[in-house]
Amino acid sequence: MADDESLADVRAAANEAVTVIRQASKEGQPEPIVEAIGALSRALVADGDRRGRYLMNIGSACMELYGIVGGEEPLYKALIAYRAALAAEPGSAINASNLGICLVRWFERTGELDSLAEAIDVLRLAVDAGKDRPASAGYSSNLGLALTRWAEQTGDADAAREAVVVHAAAVRRAPDAAADQAAMLSNLGMARMAVYRLTAEADELGLAVEAYSAAVRTVPAEDPNMPGCLAGLGGALTALAAAAGTVRPRIDAIEALRIAVRSLPREHPDRPMFLGQLGGSLQLAFLHSGDTAALREAVACGREAAELAPEGHRDRKVYRAGLAVLLRNQYEYTGDVAALEEARSLLAGVLSDESWDRRDRLKWKGDLSSVLHRLGRRHRSVPRLAEGAALLREVLEEIDPGDPELVMYLGNLGSLLGSLIDIEWDRALYLEAVEALERVVRFRLSEGTSDSHFNLGTLYQSAYQHDGSPEAYEQAAAAFSAAASEPRISPRTRATAAHYLGRLHLGAGRPDAALVGYEQALDLMDLVAWQGLAREDQERGLADFAGLASAAAACALAIDAPDRALAVLEQGRGVLIGQVLESRSRHEELAGREAELALELEAAQNAIDQAEESESPTLDRQRLLVRRDEVLDRIRSRPGFDRFLRSPDPAGLRSAVGDGPVVTLNISPSRCDALVTTRESTGSVELPDLTSSDAVTQANRFLEAVNANGWGTNDVIREALAWLWETTVAPVLDHLGFGPAESARLPRLWWVPTGALSVLPIHAAGHHGRADGDARSALHRVVSSYTPSLRMLRHSQDRAGVPGASSPSPSPSPSLVVAVGAGGVPLVHAEAETEAVAALLPGQVLRLTDQQATKQDVVDAIVRSGWVHFACHATTDAVRPTEGCLHLYDGDLRIREITGLRVPHAEAVYLSACTTALGSRQLPDETIHISSAFQQIGFPTVIGTLWQVPDQAAARTAQKIYAALPGISPAYAVNHVARSIRAEYPNTPYDWAAFVHSGSL
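In this report, the structure presented in the accompanying data block is examined. Note on numbering: residues in each chain are counted from 1, in written sequence order. Residues qualify for local features only when their pLDDT is at least 70, as the model is predicted, and side-chain atom pairs are given and counted only at 80 or more; totals for whole chains, interfaces and linings, by contrast, use all residues. By convention in this description, side-chain values take in all heavy atoms of the structure and omit both hydrogens and water.

**Some remarks on the overall build of the protein**
Thought 1: Only DSSP runs of H or I reaching four residues or more are called helices, and only runs of E reaching two or more are called strands; each is numbered from the N terminus. Regarding its fold elements, the protein presents 43 helices and 14 strands.
Thought 2: Dimensions of the protein, computed from the C-alpha atoms along their principal axes, are close to 125 × 70 × 60 Å.
Thought 3: Buried residues are those whose accessible area, probed at 1.4 Å on protein chains only, stays under 20% of the maximum for their type, while exposed residues exceed 50% and partly exposed ones sit between those limits. Counting every position in the protein, which comprises 1001 residues, the buried fraction comes to 57%.
Thought 4: Between two residues, a contact is recorded if the distance between any of their heavy atoms is within 4.5 Å. Excluding contacts between residues fewer than 6 apart, the proportion of contacts in the protein whose partners are at least 24 apart in sequence is 69%.
Thought 5: Distance between charge centroids for the protein: 2 Å, based on 96 positive and 131 negative side chains. A residue counts as positive if it is Lys or Arg and as negative if it is Asp or Glu; His and the chain ends are not included. Charge placement uses NZ in Lys and CZ in Arg. For Asp and Glu, CG and CD serve respectively.

Encoded structure:
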């Protein structure tokens, strides 16, 4: 024992050490804390009267150090100090509480369940000893935390409910300090989440969100508890989004979790946990919407969490298992087998540790089985699938009958057995799979139920295909219908179920029932290609439903419903174009009657357009779309605006027809027809000599020939044009009474090709050769134009009122002529072409050639111009069509950038560049190409090309078209020049059939 003077010094040094610890903890500095622990240890030796206090302070200092540097050592030392402190003062509530919470942290670190059980006992002691003290709320809150952890680990729902009661009492007695109140509210939210997960009681989920929200509102912004409160809120909102299938909670969850992760340094022990939660929320976003940007970020979070968790940490394997699930989902969209093999390896490594408790091992066995399922399906490997099935059977034997996860494992087994049956029919496996999935449907405990409806439908369909059982047919139809109608599962799965329903009925010879299924799928296309997704994800989603609209239209025509056929084609084709048109539509009527709502809508749309420039464009776009949709809901609630920005009815579609019919060429495996739409009606012409398989063959052969541009190219083109004439164009023109021209002015006609026909020059169909006359030539019977849809045609007509739109004439806006000869094969005639074009254009003309044609200068000029002419190279992208582009001097002007422009005085654009009117074969019904991009932004007339035209021929054609323009519309000029060149060179359609007119004039 020191003398009085030295004892005072010791105590002063100890007090100073406590102050140092507090300051260093705030600043995240470990070194001063280590020194302060040394000072406290010396005080412990010198001052036995305050042994309990010093031990408590040493324990607290070690806990602070753990929070900064992590690692097992400081936590273990804290445990030793707290045990000794309680032994020195057995009745101390604070020492008991400190030891208890340290034991909880030790459990979280090591997974030692005995430590958690001890923590609960010690914390009950703290609550009893301190029930009349000011800190009693904190003691109760710590006990509630230990009970929550016990419930999460053991599945003990009663412990979770007790935790809620204890935490609620703590909140009621919480001190006035905001940080303390927030911590207790956050712990209450955690306990309610545990009850929800163990019981699926929906009310507890809502109450958890309320508790966490209150915690976030209460906690000071710079308080160290803020990240935990945000992470808790993010987890609760993620669960709410999964349960309700709604967007806003998911967006808010991701934002909260991102902030929580950003606020913690890499070395913070909680960072891996928060990263895991963020990855889970991002995974949900991917699963519900197909947002691959969210999936990529989720995988990155999973990898970082797995890397940061130190060796020996109990959660390291948890994070590795979580990463495996993310990699499995990555495979679903990318087809990357390496990701799937990595997932299998990770899960096998996790399961090799036999020390994990039963619940965790069951989960990881289930996850491994799902990976094996995908590997088996990919390689059609019965051994892999059988291994996965064996794992799931083990899980189902061991799991508690009341465990909410039982439903998921039953569903997974049914789906996996279905994949085995697809390889080789097995009646016993079929019955086992049906029994599993029917149990899932009966339980109806989670959102997984409806996925099982879909899987059940595929099983019944397999049985129907195997033996033609009427019962299996009806069962499959009922299951697909149930899945398609369930709002809690992803739009993609719902649409697939409806699509399968349509195909099932069509295969049974019931086109009327098939049409209902197809229409249900089409109703979901806007969600499959939701505007909140990145464009590549929209395109990927729509590619899975190629031909859906045409199949629906064929069914409508089979039951003699041409108006319905037109409606489904307009709804299911050009989905992405329709979204752009919706955002570009004029709102004069709305502005006149609901000015404030019109301004709100305009502001919301402008914010969406600018979201690409933000730090998180996808998330920001999704949040802004939710806000815009709320504005649209309010607009549509107003009298007379119930169909505002919705697809028009057949009469509304027919109003787009101008001075000639619109002919939609519909091809599908079941039948091929031409829909003929006039202002008065919609009729159809059956095309019995046209088949979808022949169309694909002709299109493939045609594209191969024009891409090669060899000696036989013109022969292939002429054969394709003759085939088009006999099978498609001649029957349509004969039906319309458009025979060989008897006057100088030919009638107008607009073509809307679908499927494989979209790459063929329908306007030039006919027999072309020196021995052939003009009677069997579309060029000599009609003036053809193209439009992706009637909606686009109406959009063009809205713009056609701009002065000078029918032919170039003086107007307030200048004309722009761009020539870039460099890039690939030099375009030696490009500059001469633009000189000639500029001379033929009236009014002010701006010429930008080569070095002058920078991307920024060209874009700036486009938005100020009326007529625009490009002579340059262009590229199409078959996989990602919106990456198609015009090659300028210093960069590419891409389709996705063109569609973002606003051109108030748009009149016409001439694209003297390669394949500017050729769409993607992967997304033929979307008609995404450079020509349609300019139509979308308001140009009522676009002239483009279907293939690569020789430089000299392109220049000659452009000069002839501009020379013909005065007094006639662009469509007539294009037709006139094609006929004149054909008259000279009938055997070489490669030179004169490539140029096409799109738009209204």
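**Observations concerning the pairing of strand β14 (residues 995-999)**
Thought 1: Extensive coverage of β14 is indicated by the burial of 5 of its 5 residues.
Thought 2: In β14, alternate side chains face the same way, and those of Phe995, His997 and Gly999 on one face and Val996 and Ser998 on the other are all buried.
Thought 3: Here, a strand pair is defined by DSSP locating no fewer than two bridges between the strands. Looking at chain direction, strand β13 (residues 941-945) and β14 are connected through 5 bridges and run antiparallel. Bridge assignment links valine 942 to a residue of β14, and that residue is serine 998.

**Details of the pattern of salt bridges**
Thought 1: For this analysis, a salt bridge means a side-chain nitrogen from Lys or Arg found within 4 Å of a carboxyl oxygen belonging to Asp or Glu. Within this structure, the stated rule accounts for 45 salt bridges.
Thought 2: Its salt-bridge partner being arginine 105, residue glutamate 108 comes within 3.0 Å of it at the nearest N-O pair. Placement of both glutamate 108 and arginine 105 in helix α5 (residues 93-110) is noted, with a separation of 3 residues, approximately one turn of the helix.
Thought 3: Using a relative accessible area of 18% as the deciding quantity, one classes glutamate 108 as buried.
Thought 4: A salt bridge links arginine 161 to glutamate 201, with the shortest nitrogen-to-oxygen separation between them at 2.6 Å. In this pair, arginine 161 sits in helix α8 (residues 157-172) while glutamate 201 sits in the loop between α9 (178-199) and α10 (202-218), placing the two residues 40 residues apart along the sequence.
Thought 5: The exposure class assigned to arginine 161 is partly exposed, which follows from its relative accessible area of 34%.
Thought 6: Put simply, Glu536, Asp537, Arg540, Arg880, Glu883, Asp892, Arg894 and Arg896 are held in one network by salt bridges that share partners.

**Here's the deal with the packing of aromatic side chains**
In this description, an aromatic ring pair is defined by two values, namely the gap between the centres and the angle between the planes.
Thought 1: The criterion for an aromatic pair is that two Phe, Tyr or Trp rings (for Trp, the six-membered ring) have centres within 6.5 Å, with stacked assigned to planes under 30 degrees apart, edge-to-face to planes over 60 apart and tilted to the rest. Applying the stated rule across the entire model yields 14 aromatic pairs.
Thought 2: Ring centres 6.0 Å apart and planes at 50° place the aromatic pair phenylalanine 454 and phenylalanine 480 in the tilted group. Within this pair, whereas phenylalanine 454 is found in helix α21 (residues 448-467), its partner phenylalanine 480 is found in helix α22 (residues 470-484), the two being separated by 26 residues in sequence.
Thought 3: An aromatic cluster of at least three residues, connected via ring pairs, comprises Trp867, Tyr910, Tyr962 and Phe995.
Thought 4: When the ring centre of tyrosine 972 is taken as origin, the NZ or CZ atom of arginine 745, which lies over that ring, is 4.2 Å away. Note on criteria: charge over ring means Lys NZ or Arg CZ within 6 Å of the ring centre, with the direction from the centre no more than 35 degrees off the ring normal.

**Topic: the sheet that holds strand β9 (residues 874-875)**
Thought 1: The strand order across the open sheet formed by 3 strands is β9-β10-β11, and the pairing between neighbours is antiparallel. Bordering the open sheet on either side are β9 and β11 (892-894), each of which pairs with just one other strand.

**Brief notes about the environment of glycine 739**
Thought 1: On the secondary structure map, glycine 739 appears in the loop between α35 (713-736) and β4 (748-753).
Thought 2: Owing to a relative accessible area of 30%, glycine 739 belongs among the partly exposed residues under this scheme.
Thought 3: Put simply, glycine 739 and arginine 781 are 42 residues apart on the chain and 6.1 Å apart in space, counted from C-alpha to C-alpha.

**Re the side chain of aspartate 951**
Thought 1: Within the element layout of this structure, aspartate 951 appears in helix α41 (residues 951-964).
Thought 2: Notably, aspartate 951 is buried but unbridged: the nearest opposite-charge side chain belongs to arginine 956, and the N-O separation is 10 Å.
Thought 3: In terms of polar contacts, aspartate 951 uses its side chain to reach the backbone amide nitrogen of histidine 829, at 2.6 Å.
Thought 4: In this structure, aspartate 951 is in contact with Pro826, Leu827, Val828, His829 and Ala830, ignoring residues within four places of it in sequence. Contacts described as polar in this section are N or O atom pairs within 3.5 Å, which, within protein, must combine one atom able to donate a hydrogen with one able to accept it, while residues neighboring in sequence count only if both atoms come from side chains.

**Some details on the side chain of asparagine 187**
Thought 1: Secondary-structure assignment places asparagine 187 in helix α9.
Thought 2: By relative accessible area, asparagine 187 is classed as buried at 15%.
Thought 3: A polar contact is formed between the side chain of asparagine 187 and the side chain of serine 141, at a distance of 2.8 Å.
Thought 4: Not counting residues up to four positions away in its chain, the partners in contact with asparagine 187 are Ser141, Leu145 and His167.

**Concerning the nonpolar core**
Thought 1: Definition used in this section: a nonpolar core is a set of buried Ala, Val, Leu, Ile, Met, Phe, Trp, Tyr and Cys residues joined via side-chain atoms within 4.5 Å. Grouped together as the largest cluster of nonpolar side chains are 108 residues, with contacts concentrated most on Met525, Phe870, Leu886, Phe934 and Phe939.
Thought 2: With residues up to four places along the chain from it excluded, the contact list for leucine 886 reads Phe870, Cys872, His873, Ala874, Gly891, Asp892, Leu893, Leu911, Ala913, Thr916, Ile930 and Phe934.
Thought 3: If you look at the next biggest cluster of nonpolar residues, it comprises 77 residues, including Ile21, Ala61, Cys62 and Tyr212.

**Re the environment of alanine 174**
Thought 1: Here alanine 174 lies in the loop between α8 and α9.
Thought 2: Residue class for alanine 174 comes out buried when judged on its relative accessible area of 17%.
Thought 3: Separated by 461 residues in the primary sequence, alanine 174 and isoleucine 635 place their C-alpha atoms 46 Å from one another.

**As for the packing of α8 against α9**
Thought 1: Orientation of α8 relative to α9, taken along the N-to-C sense of each, is 160°, at an axis distance of 8 Å. Considering the angle they form, α8 stands roughly antiparallel to α9. Viewed along their axes, α8 and α9 form a crossing whose handedness is left-handed. Here α8 contributes Ala157, Ala160, Arg161, Ala163, Val164, His167, Ala168, Ala170 and Val171 to the contact with α9, which in turn contributes Met184, Leu185, Asn187, Leu188, Ala191, Arg192, Ala194, Val195, Leu198 and Thr199. Note on method: axes are straight lines fitted to C-alpha atoms, helices fitted across the in-contact stretch only, with angles between N-to-C directions ranging 0 to 180 degrees. When an angle is under 35 degrees it counts as roughly parallel; over 145 it counts as roughly antiparallel; between 65 and 115 it counts as roughly perpendicular; any other value is oblique. For any pair of crossing helices, the crossing counts as left-handed if the nearer helix is rotated counterclockwise from the farther one by less than a right angle, and right-handed if it is rotated clockwise.

**Details of the packing of helix α12 (residues 247-262) against helix α13 (residues 271-289)**
Thought 1: At a minimum axis separation of 9 Å, α12 and α13 run at an interaxial angle of 155°. Comparing the axis directions of α12 and α13 gives the class roughly antiparallel. For the crossing formed where α12 meets α13, the hand is left-handed. Residues Arg250, Ala253, Ile254, Leu257, Arg258, Ala260 and Val261 of α12 lie in contact with α13, whose contacting residues are Arg271, Phe274, Leu275, Gln277, Leu278, Ser281, Leu282, Leu284, Ala285, His288 and Ser289.
Thought 2: We call Asp, Glu, Lys and Arg charged. Ala, Val, Leu, Ile, Met, Phe, Trp, Tyr, Cys and Pro are nonpolar, and the rest, Gly among them, are polar. Counted by class, the contact of α12 with α13 contains 11 nonpolar, 4 polar and 3 charged residues.

**Digging into unusual backbone geometry**
Thought 1: With phi around 50°, arginine 380 is a residue other than glycine that occupies positive phi space.
Thought 2: Along the chain, arginine 380 falls in the loop between α17 (358-379) and α18 (382-398).
Thought 3: The backbone phi angle of aspartate 560 is positive, close to 60°, even though this residue is not glycine.
Thought 4: For aspartate 560, the position within the fold is in the loop between α27 (548-558) and α28 (562-572).
Thought 5: Here aspartate 560 falls in the exposed class, since its relative accessible area comes to 65%.

**Points about the environment of alanine 708**
Thought 1: Tracing the chain through its elements places alanine 708 in helix α34 (residues 692-708).
Thought 2: Alanine 708 sits 649 residues away from glycine 59 along the chain, and the two C-alpha atoms are 78 Å apart.

**Topic: the state of the cysteines**
In protein chemistry, a disulfide is the covalent bond that joins the sulfur atoms of two cysteines.
Thought 1: Cysteine sulfur atoms that come within 2.5 Å of each other are treated as a disulfide pair. According to the stated counting rule, one finds 0 disulfides in the structure shown.
Thought 2: Considering cysteine sulfurs only, cysteine 672 is the nearest to cysteine 555, which forms no disulfide, with 13 Å between them.

**A word on α34**
Thought 1: Here a helix's expected span is defined as the number of its residues, less one, multiplied by 1.5 Å. A rise of 1.5 Å per residue sets the reference length of α34, with its 17 residues, at 24 Å; its end C-alpha atoms lie 24 Å apart and thus fit the reference within 8%.
Thought 2: Here α34 has its buried residues at Ser692, Ala695, Gln698, Ala699, Phe702, Leu703, Ala705 and Val706. The arc that holds every buried residue of α34, seen down its axis, measures 165°, which confines them to one face. α34 presents Thr697, Glu704 and Ala708 as exposed residues on the side facing more than 90 degrees away from its buried surface.
Thought 3: The elements touched by buried residues of α34 are β1 (662-667), β2 (672-677), α35 and α43 (989-992).
Thought 4: Backbone geometry just after α34 places asparagine 709 at a positive phi near 50°. The arc in question is formed by the directions pointing from the helix axis toward the C-beta atoms.

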